[in-house]
Amino acid sequence: VTVIGGGRVVVGDEVWDPAWVRVEGDRVSGVGAGAAPGRVDVDLGDRLVVPGFVDMHVHGGGGAGFPTGNADEAARAVAFHRSHGTTTMLASLVTAASPDLERHVRVLTDLVDDGLLAGLHLEGPWLSPVRRGAHDAALLRAPDSAEVSRLLSVGRGCVRMITLAPELDGARRAIGQIVDAGAVAAVGHTDATYELARAAVDAGATVATHLFNAMRPLHHREPGPVVALGERPEVTVELIADGLHVHPALLRAVMVALGHGRVALVTDAMAAAGVGDGEYRLGGLEVRVRGGVARLAGGDTIAGSTLTMGVAFRRAVRECGATLPEAVRMASSTPARAIGLTDVGELSPGRRADLVVLDADLAVAAVMSAGAWVGPASLDR
Ligand SMILES: [Zn+2]
């Protein structure tokens, strides 16, 4: 049993100050306001406890990536993001040839069984050539129902989300297959019109993959996917809050218009996150990172981010005006709900003991994953 007390704790829509959290094994067994009953093992001082972050869209970090389908590398990426507060993540793959994707899905599915990953996210290969971003143009294709069902079955229920462009031939049928398999269909890397994006939601899509990025832009006579996805309450929109992918003013506008219960902060981070400038690969493509910005070599195209959820959380509060409970929603409970996870996303008795301790400056000071402290922590204990 570990009792953490003496600081502030975000619980639902409130900040309790002071408050305490009791952890037994890998579970939260109690949360309360005021002084902790009995002995306190970790005295928070002026620190803050929030639920562990849930990143539903991440390709890698700490020099390691998921799209290579290498188990050791994937484990390193998980460890990196965990130490920055992400206690639950989907491993996002990128567009690849079918045999490669199948092999990578098989390898990463084992990491889901081991509890390192909450599932996989296939970003591609069924994406728009004109909104492909950092996906290999030569490997993009329209969804073929046999390929869709093969990848879903190779994933044994671990493929939790698939991003696709709904304007492609066969996409509507693919959305049905994805939803029937219990996974989430996400609209992204798309040149769909407003009507086509609406039809995708009618067919069962419930997530907008990094809203605005790699998507037909909003136009007052052709509102496109941004409005079609934004106006449907069943859709959760991902936002990359690194200050580069989307202007902070637009992030604020979306948070106000949709509410924090419909916005999921994602990193879309690639291997360079936490490492620094240099040359990297994303799938089969060369990526150059300069000043923390990842771009495809030889061009301007942004190729993922070098963001962590800890930084995204802080930016949401500092630059987008989110309150602490609102930021917790966007970083934890909303993404958890969007991908169907009921065991994480909030600090409440019975849920997995995933929590992040933030210092007075909202920097990550310590992380607990399933009841165990992980990563480099500056917390005295
Ligand atoms: Zn991505």
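Residues numbered from 1 in each chain as written. Predicted model: local features only at pLDDT ≥ 70, side-chain atom pairs only at ≥ 80, totals over all residues. Heavy atoms only, no water.

The next subject is the overall build of the chain. The helix and strand inventory of the chain stands at nine helices and 21 strands. At 20 Å, the chain has a C-alpha radius of gyration in line with the 21 Å of a compact globule built from 381 residues. Projected onto its principal axes, the C-alpha coordinates of the chain cover approximately 65 × 45 × 40 Å. Per-residue burial over the chain gives 56% buried out of 381 residues. Within the chain, residue pairs in contact and separated by at least 24 positions form 67% of the contacts whose partners lie at least 6 positions apart. As presented, the chain carries roughly 13900 Å² of accessible surface, and 49% of it is formed by carbon and sulfur atoms. (Helix = DSSP H or I, 4+ residues; strand = E, 2+ residues; numbered from the N terminus. Rg over C-alpha atoms; globule rule 2.2 N^0.38 Å. Buried < 20%, exposed > 50% of the residue type's maximum accessible area, 1.4 Å probe, protein only. Contact = heavy atoms within 4.5 Å. Areas by Shrake-Rupley, 256 points an atom, 1.4 Å probe, with all protein chains shown as cover.)

The protein atoms that coordinate the zinc ion are His-57 (NE2), His-59 (NE2), Glu-123 (OE) and Asp-268 (OD), at distances of 2.0 to 2.2 Å. Coordination geometry of the zinc ion: the four donor atoms subtend angles of 85 to 170 degrees at the metal centre, consistent with an arrangement described as irregular. (Donors = N, O, S within 2.8 Å, 3.2 Å for Na, K, Ca; no water. Tetrahedral: all angles 85-135°; square planar, octahedral: opposite > 155°, others 65-115°.)

Let us look at the nonpolar core. Core analysis: the biggest nonpolar cluster contains 94 residues, and Val-50, Met-56, Phe-66, Leu-108, Leu-117, Leu-265 and Phe-313 have the highest contact counts within it. A total of seven residues in this core trace back to one element, the largest contributor, which is helix α9 (residues 324-338). Those residues in contact with Met-56 that sit more than four places away from it in its chain are Leu-90, Ser-92, His-121, Met-161, Val-207, Glu-238, Ala-264, Val-266, Pro-335, Ala-338 and Ile-339. (Core = buried A, V, L, I, M, F, W, Y, C linked by side-chain atoms within 4.5 Å.)

A sheet is described by the order of its strands in space; here three strands give the open sequence β16-β17-β18, paired in antiparallel fashion. Bordering the open sheet on either side are β16 (278-282) and β18 (293-296), each of which pairs with just one other strand. With strand direction ignored, the average angle separating the axes of adjacent strands in the sheet is 35 degrees. With five bridges connecting them, β16 and strand β17 (residues 285-290) associate as antiparallel partners. In the strand pairing of β17, Tyr-280 is matched with Val-287. (Pairing = 2+ DSSP bridges. Axes fitted to C-alpha atoms, helices over the stretch in contact; angles between N-to-C directions.)

Contact pair helix α1 (residues 71-83) / helix α2 (residues 98-113): the axes reach a minimum separation of 10 Å and the direction vectors enclose 50 degrees. When the axes of α1 and α2 are compared, the pair comes out oblique. Where α1 crosses over α2, the handedness of that crossing is right-handed. Contacts from Ala-71, Ala-74 and Ala-75 of α1 reach α2 at Val-107, Leu-108 and Leu-111. Taken together, the residues that form the contact of α1 with α2 break down as six nonpolar, no polar and no charged. (Parallel < 35°, antiparallel > 145°, perpendicular 65-115°, else oblique. Left-handed = near helix turned anticlockwise from the far one by under 90°. Nonpolar A, V, L, I, M, F, W, Y, C, P; charged D, E, K, R; others polar.)

Of note, the bond from Asp-17 into Pro-18 is cis; its omega dihedral lies within 30 degrees of zero at -5 degrees. Counting through the fold element by element, Pro-18 comes out in strand β2 (residues 14-24). Here the bond from Gly-124 into Pro-125 is cis, since omega is 15 degrees, no more than 30 degrees from zero. Considering the arrangement of structural elements, one finds Pro-125 in the loop between β10 (119-123) and α3 (145-154). We note that Arg-156 has phi near 45 degrees; this positive angle belongs to a residue other than glycine. Counting through the fold element by element, Arg-156 comes out in the loop between α3 and β11 (159-164).

Evaluation of the coordinates by the stated rule reveals one cavity of 30 Å³ or more. Of the pockets and cavities examined, the largest cavity occupies roughly 30 Å³. In this structure, the largest cavity is lined by Val-94, Thr-95, Ala-134, His-135, Asp-136, Leu-282, Gly-283, Gly-284 and Leu-285. Class assignment for the residues of the lining of the largest cavity results in four nonpolar, four polar and one charged. (1 Å grid on protein atoms, 1.4 Å probe; cavity = no way out; pocket = protein on both sides within 12 Å on 5 of 7 lines; lining within 4 Å. Points joined across faces, edges and corners; volume = space filled by probe spheres on them.)

Turning our attention to the pairing of strand β19 (residues 355-358). The side-chain alternation of β19 yields two buried faces, one formed by Leu-355 and Val-357 and the other by Val-356 and Leu-358. Relative to β19, strand β5 (residues 48-51) runs antiparallel, the two being bridged by four bridges. By the bridge assignment, Val-50 is partnered in β19 with Val-356. Note that β19 and strand β20 (residues 364-369) share four bridges and pair antiparallel. Across the sheet, the residue bridging to Leu-355 is Met-368, located in β20. A loop of five residues connects β19 with β20, the two strands running antiparallel in sequence, and Leu-362 in this loop sits at a positive phi of about 65 degrees.

Another point: the sheet that holds β11. Taking strand neighbours across the sheet as the criterion, the eight strands line up as β6-β9-β10-β11-β12-β13-β14-β15 in an open arrangement whose pairing is parallel. This sheet does not close on itself; its edge strands, each paired only once, are β6 (53-58) and β15 (263-266).

Turning our attention to the pairing of strand β1 (residues 2-11). For β1, a buried count of seven out of 10 residues is recorded, marking the element as mostly surrounded by other parts of the structure. Counting the residues in the hairpin turn of β1 and β2 gives two residues, including Gly-12, whose phi is positive at 55 degrees. Across two bridges, β1 lies against strand β4 (residues 42-43) in parallel orientation. By the bridge assignment for β4, Ile-4 is matched with Val-42.

Along the polypeptide, Ala-272 turns up in the loop between β15 and β16. For Ala-272, a relative accessible area of 2% gives the class buried. Taking the C-alpha atoms as reference points, Ala-272 and Ala-64, 208 residues apart in sequence, are found 7.7 Å from one another. With near-sequence residues (within four places) excluded, Ala-272 lies in contact with Tyr-280, Val-289 and Thr-306.

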